[in-house]
Amino acid sequence: MSIDPEEEGAGPAYKQVAARLRALILSGELVPADRLPSEAELSILFKVSRSTTREALRLLSSENLIVTSRGPTGGSFVAHPEPGHIQDFLQLNLGLLAAGSPVTVHALFEARELLETPAAGMAATRRTPEQLEKLRACVRPAGGDDDPAQLFEMNRAFHVQLLEAADNVVLTTLAQPVFGVIRGRFGRNDADEAFWGRVVHDHEEILAAIEAGDADRAQAEMRRHIAHLETAYSGMEQHLAGGPPGD
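Rules and cut-offs
- Residues numbered from 1 in each chain as written.
- Predicted model: local features only at pLDDT ≥ 70, side-chain atom pairs only at ≥ 80, totals over all residues.
- Heavy atoms only, no water.
- Helix = DSSP H or I, 4+ residues; strand = E, 2+ residues; numbered from the N terminus.
- Buried < 20%, exposed > 50% of the residue type's maximum accessible area, 1.4 Å probe, protein only.
- Contact = heavy atoms within 4.5 Å.
- 1 Å grid on protein atoms, 1.4 Å probe; cavity = no way out; pocket = protein on both sides within 12 Å on 5 of 7 lines; lining within 4 Å.
- Points joined across faces, edges and corners; volume = space filled by probe spheres on them.
- Nonpolar A, V, L, I, M, F, W, Y, C, P; charged D, E, K, R; others polar.
- Patch = residues over 30% accessible without salt bridge, like charges linked within 9 Å, V, L, I, M, F, W, Y side chains within 5 Å.
- Areas by Shrake-Rupley, 256 points an atom, 1.4 Å probe, with all protein chains shown as cover.
- Salt bridge = Lys/Arg side-chain N within 4 Å of Asp/Glu carboxyl O.

Draft legend 1. Region of interest: the overall build of the chain. The number of helices and strands found in the chain is 10 helices and 2 strands. The secondary structure elements of the chain, listed N-terminal to C-terminal, are α-α-α-β-β-α-α-α-α-α-α-α. Evaluated residue by residue, the chain yields a buried proportion of 37% over its 247 residues. Considering only contacts within the chain whose residues lie at least 6 apart along the sequence, 72% involve residues at least 24 apart.

This is the structure we're talking about:
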């Protein structure tokens, strides 16, 4: 493996080393389960101290790109990608972006529309009987007396199960962090009874389309549902900010 040292002045040395190793992993030159050179070997290759190399490896480990083990057969190895790790990383950074810049409710729900509308259509044609049963279990019959915590969880579970039924791990991985940011931005008690009634109705319509295997209808119902959610969450945000309630 040929690794050239980074130019001086391009940031802390340990970040330079981490960036070069990260690039090799992301390019596929290093693949999951590949063993990295030892700390001593990396130090020679990059012409840095052992402590600098160690910090670089710690950084890559914190990003879940490598795993390190001890013992005679130990060392640092390229990690097998886990969707959960990717989702956590994306949600953390998306949350920081939302906290530090004007990420609007519209922007969040626009992203959801782009991800979940096609997912609904895919779920209509790909869902298994088991997945369909899980979706049914996430829809509360109208007129129930569930508390906000239960309703909030069922709402989340419906969308998660729908993404699972779409059978596309990329869609699931990208959508979950957006869910997480919205969930952190609004409390489960912020919505009123009318909101949950609308959610139940929308979910029933989406479910009916998926049960019928009607991809076009499933997409149309999901698009309508997300528009309803955006309107409601925009109103909640204005209320929490002390402004006039949304329409």
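Draft legend 2. View of empty space enclosed by the protein. Enumeration over the complete set of coordinates arrives at 2 cavities of 30 Å³ or more. The computed volume of the largest cavity comes to approximately 130 Å³. Around the largest cavity, the lining residues are R112, F152, N155, R156, H159, F179, I182, R183, L229 and Y233. When residues of the lining of the largest cavity are traced back to their parent elements, those giving at least two are α7 (148-166), α8 (169-185) and α10 (215-240). Top contributing element to the lining of the largest cavity by residue count: α7, with 4 residues. Of the residues in the lining of the largest cavity, the class split is 5 nonpolar, 2 polar and 3 charged.

Draft legend 3. Summary view of a nonpolar patch on the surface. On the surface, a cluster of nonpolar side chains totalling about 500 Å² of accessible area is made up of I86, F89, L90, V169, V170 and L174. Counting only elements with at least two residues in the nonpolar patch, the list comes to α4 (83-100) and α8.

Draft legend 4. Representation of unusual backbone geometry in the model. Phi is positive for N64, which is not a glycine, with a value near 60°. Judged by relative accessible area, N64 falls into the partly exposed class, the value being 34%. The residue D167 is not glycine, and still its phi comes out positive at about 60°. Mapped onto the elements, D167 comes out in the loop between α7 and α8. Residue D167 is classed as exposed on the basis of its relative accessible area of 59%.

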